[in-house]
Every structure is written in C-alpha cells, then in structure tokens.
Amino acid sequence: MYKKNDVVELLIEDMSHEGSGIGKADGYTIFVKDAVIGDKVEVKIIKAKKNYGYGRLMKIIQPSSWRVEPVCPYAKQCGGCQIQMLDYTKQLEFKENMIRNNLKRIGGFEEIPFEAMLGMEEPFRYRNKAQFPVGTDKEGNLITGFYAGRTHAIIPNRECYLGVEVNQQILDIVLGFMEENQITAYDEQTGKGLVRHVLIRYGFTSKEIMVCLVVNGSSVPHADILVERLEKIPGMASISINVNTKRSNVILGDQVKVLWGSSYIQDSIGDVLFQISPLSFYQVNPVQTKVLYEKAMEYAGLQGEETVWDLYCGIGTISLFLSQKAKKVYGVEIVPQAIEDARHNAKLNGIENAEFFVGKAEEVLPEQYEKNHVHADVIVVDPPRKGCEESLLDTMVQMAPERIVYVSCDSATLARDLKYLCQKGYELVKVCGVDQFCQTVHVESVCLLLKK
Ligand code: SAH
C-alpha cells in the first residue's frame, strides 16, 4: 500500500478521460498529470486513496515514442489543451478507445461496428471563436490569455494555437488601446473594473471577423479610437460591446451594442449560410462540423421522401443541412433565441421544408406524437452531455423510425442511451468518432441505429 510522498516508478499504460496518464504500481492505480501513454516516469504520490492515487510527475525516465514537444509553450499550465504532448495519431486512438470502453463497459456492447475515426489533417488553428479574459498581473499590468486548469488565474498568452492568427493582432490592439486610455480590466474578486473578456469570431468560409468587448458597464470611453484601429484589419465586419454587469462566471450578458459594422458575421457549413451574432451558439470547429454533419447525413440515408426529427437542434444547423435531402425536417430546441436563429437561417437560405419547435425534446416530441400522431422516418438526436431522458427514448421507440442517428459529445451517456434503445428493438450498425477538439480530451461521435 502506498502513501503520500512515496516515490515510485511507473509505466504509463493508459490515459484518463481528463487526459492524465495512468500507471500501475503493484496493482495500485496512479493518475499522473502531464504523462502520456508509453512514458516511463518517476512520480511522487501527492494523494493516496484506498484504490487509487494521484502522483506528481518528477522525472520522465524514458519518454514515450508517442510523446511530442507541444507547439504551445503554455500547454502544461493552460486549461485548454490537455493532450498536446501526445502525437496526433495517438490522440485519435486514445479517443476511439474512450468511446469503445464506454460502449463496452456501460453499454454492454461486445462487437462494436467502428468506422475509422475522422481526424483533422492540420489539428491546430481550427477554432472560429475565442473568449480571452482580461485582467491585471501582480505588478498591475494589463494581461490577457487563458485560465489555468480548474482556476481563474489568467496565464498571459496572446497566441493560442487552437485559434486563428488574427486573434493576437486584435488582442494587441485592444490591450494597447486600454493602456493608452487608462481603461481598466475587470477584477472578479472586487467586481470593479471595466473590460471582462474579448470575444473574437472568425468566419472560416467568409473570412469575416467579429470583435466584441464584454464590459462591466454600458460603454467604453474613447471607443472611437479602438474602432478606428480595429476596422483597418482586413475582414473586420462587426465591432460591438456586450454589457455584463453581473458578478458571475457567465461570460456574456444579454445586451449587445454595435459600435461599427454589422451586428453579425456570416459563415457557411457546406451549402448552408449562417448569420452569427455575439450571442449565437455556433459550432467552434467549422471544418470538422462539416465532416460530422456529412457523416450524420450519410447515416440518415435520405432519398428525398423522408420526414426527419432533429432533436436538440440548437440553431438548426443539422436540420438545415439535412433539409436539403429530406422531404421535411422538424427541429426541437430548448433555447428560444436559438430557434429564432434557426428560423432566420432557414429563411436566409430559402429553406421551406424545415419547421422548428421551442421546448424540451422530452416534452415536445411526446406531445406531438400523442396529439398529432407525427411520424418520423429518421430521428437525429444531439443532446448535451447528460444525454437523453428515458421518456424521450420511449417516445422514439414508439414512433419506430427506420433509423436513429445519435450524435454525442459524451460517450458515457451515449452508451447508456444506446443500451436502452437496443433493448427496445434497435440495432447498433455503425459508430464513428469525429475529432472536433484536437489537442483536448473531448470527442464527438455519430452512431447509426436501425430498427430490427
Ligand atoms: N445540434 C446542434 C446543437 C447541439 S448542442 C448543433 O449541431 O449545432 C445541444 C443542444 O441541446 C443545445 O443547443 C441545448 O440548448 C439543447 N438542449 C439542452 N437540453 C435540451 C432539452 N431537454 N430539449 C431540447 N434541447 C435541449
């Protein structure tokens, strides 16, 4: 039995869903942050529980052949990337294993019909959205960067390799402007100070840029100077402030005031055009989103005559994508603003065969089924991490669509829900992982279920 401060040698054999290395010393499991599969390491035990413990990485005795030098010098401290020091092909394998293990352990699936994991050719600079917190360091200098893992301490870094290059130029302008004009950064501890976050969005297909300053107030002094500098950046399309005077962790407030240009930027996924405002939800990796939706489209097997229900539809991205090949698509989403966007985006694209409902999927679908006897050939679900309510799964089973396409960002709840569906007459036919969040532990997957 090991105890705190013991020093042990380990071979890292696996990685946890949080990206920590996992090794065993005499059968005792130890989690080691910053160690990767294949590393031989020396660790000091910092916390010892009955069945497992946590070790601090003291020395890499022999680095894994899958260990790579992170491109970002802050990769270790930053809470954003957990597995940058793992070779990208190994990252994909790690993610597929995570899905496989959950489907086996929680779902009880033995033979899993995996298709090759869909990763990125260039697994950096893929994010179209960044929210940089602004603060001050101990010397009182303005800083911006990212939160360290699990805390709100800002690590000063204007060059994140997951974001687009223009972010750095924008941050230089914003912080330079703040310094010159004595504009303060917000302080979470006291609730004082003005600028909280800089939100930047970039349309990968349109090349349009949006900058939104989130402020603890209703205006920014000398904003015209800032606008004059930002508007010169090629592609700048929208400059605004967002008012957030609440003392909470929520980044954005409800009110947006446009300072210059448009209130939104445009971007497209495949042939569908979207208008995105500072408050809109929009997928952050547009390249892989297209890959994900194309997989969902393939699994939906549309011939043009089908009725599709897209549950948890957000701003209707999947609905509008599928509407191109279906007779009719119904989308359901709990956030009213997102449905407004969905309807607006349908109009924008001249799409007339998509209809949207505001409400909980587990309430709207049963109600529509009981009252109006609605029918579905295909049901697509893309729930948040907690997965689907059992009552929703029951209604889906009663409606008996030929196909169910399950898009998931959490393979544990996915496994639970698939198990349920497969006990009630469906068969798991295909599973495909899609890497939307390279360098992080997050993974998306799409599954196809057919009615038996
Ligand atoms: N399919 C969309 C978004 C999926 S994210 C896309 O690809 O862009 C999951 C969505 O489910 C979020 O928009 C969230 O607001 C919504 N949601 C959460 N709980 C819900 C519920 N009970 N019923 C319907 N929608 C819900």
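Relevant structure appears above.
On a predicted model such as this, the values are computed, not experimentally measured, just so you know. All residue numbers here refer to positions counted from 1 along the written sequence of the relevant chain. Confidence filtering applies because this is a predicted model: local features only for residues at pLDDT of at least 70, side-chain atom pairs given and counted only at 80 or more, and all residues used for totals across whole chains, interfaces and linings. The basis for the side-chain values is all heavy atoms of the structure; hydrogens and waters are excluded.

### Overview of the sheet that holds strand β19 (residues 403-408)
Within a beta sheet, neighbouring strands are joined by backbone hydrogen bonds and run either parallel or antiparallel to one another. The following threshold applies: In this analysis, strands are considered paired if DSSP registers two or more bridges between them. Comment: elements are numbered from the N terminus, with helices defined as DSSP H or I runs of at least four residues and strands as E runs of at least two. For helices, the fitted line uses only the C-alpha atoms of the stretch in contact; every axis is such a line through C-alpha atoms, and the angle between N-to-C directions lies from 0 to 180 degrees. Only heavy atoms enter the contact rule, under which two residues are in contact if any of them lie within 4.5 Å.
Taking strand neighbours across the sheet as the criterion, the seven strands line up as β17-β16-β15-β18-β19-β21-β20 in an open arrangement whose pairing is mixed. Of all the strands in the sheet, the pair left with one neighbour each is β17 (354-358) and β20 (426-434). Direction aside, the axes of adjacent strands within the sheet are offset by 15° on average. Alignment of strand β15 (residues 307-311) against strand β18 (residues 378-381), held across four bridges, turns out to be parallel. Across the sheet, residue Val308 finds its bridge partner in β18, namely Val378. Running over the sheet, helix α7 (residues 361-372) touches β15, β16 (328-333), β17 and β18 and is turned about 155° from β15.

### Considerations on helix α2 (residues 166-180)
Because each turn of an α-helix spans 3.6 residues, side chains separated by three or four positions in sequence point in the same direction. Convention followed: How far a helix is expected to stretch is found by multiplying one less than its residue total by 1.5 Å. Burial classes: relative accessible area under 20% of the type maximum marks a residue as buried, over 50% as exposed, and values in between as partly exposed (1.4 Å probe, protein chains only).
For α2, which comprises 15 residues, the first-to-last C-alpha distance of 21 Å matches the rise-based estimate of 21 Å (1.5 Å per residue) to within 8%. Taken together, the buried positions of α2 are occupied by Val166, Asn167, Ile170, Leu171, Ile173, Val174, Leu175, Phe177 and Met178. Where the residues of α2 are buried, they touch β6 (129-136), β7 (142-147), β9 (195-202), β10 (209-215), α3 (223-230) and β11 (236-243). Once α2 finishes, Gln182 follows within two positions and takes phi at roughly 50°, a positive value.

### A short note on helix α8 (residues 390-399)
Three or more residues of α8 are buried, namely Leu392, Leu393, Thr395, Met396, Val397 and Met399. In this structure, the buried residues of α8 make contact with β15, α7, β18, β19, α9 (411-423) and β20. At the exit of α8 stands Ala400, carrying a positive phi of roughly 50°.

### Some thoughts on the packing of aromatic side chains
How we decide: Centres within 6.5 Å are what make two rings of Phe, Tyr or Trp a pair, Trp counting through its six-membered ring; a difference in plane orientation under 30 degrees is then read as stacked, over 60 as edge-to-face, and the rest as tilted.
All told, the structure shown has eleven aromatic pairs when counted by the stated rule. With 5.5 Å between their ring centres and 70° between their planes, Tyr202 and Phe204 make a pair best called edge-to-face. Under the relative-accessibility criterion, Tyr202 is labelled buried at 19%. Overall, the relative accessible area of 21% leaves Phe204 in the partly exposed class. These aromatic residues form a ring-pair network of at least three members: Phe31, Tyr52 and Tyr54.

Bear in mind that shape data such as this cannot, by itself, settle questions of function.
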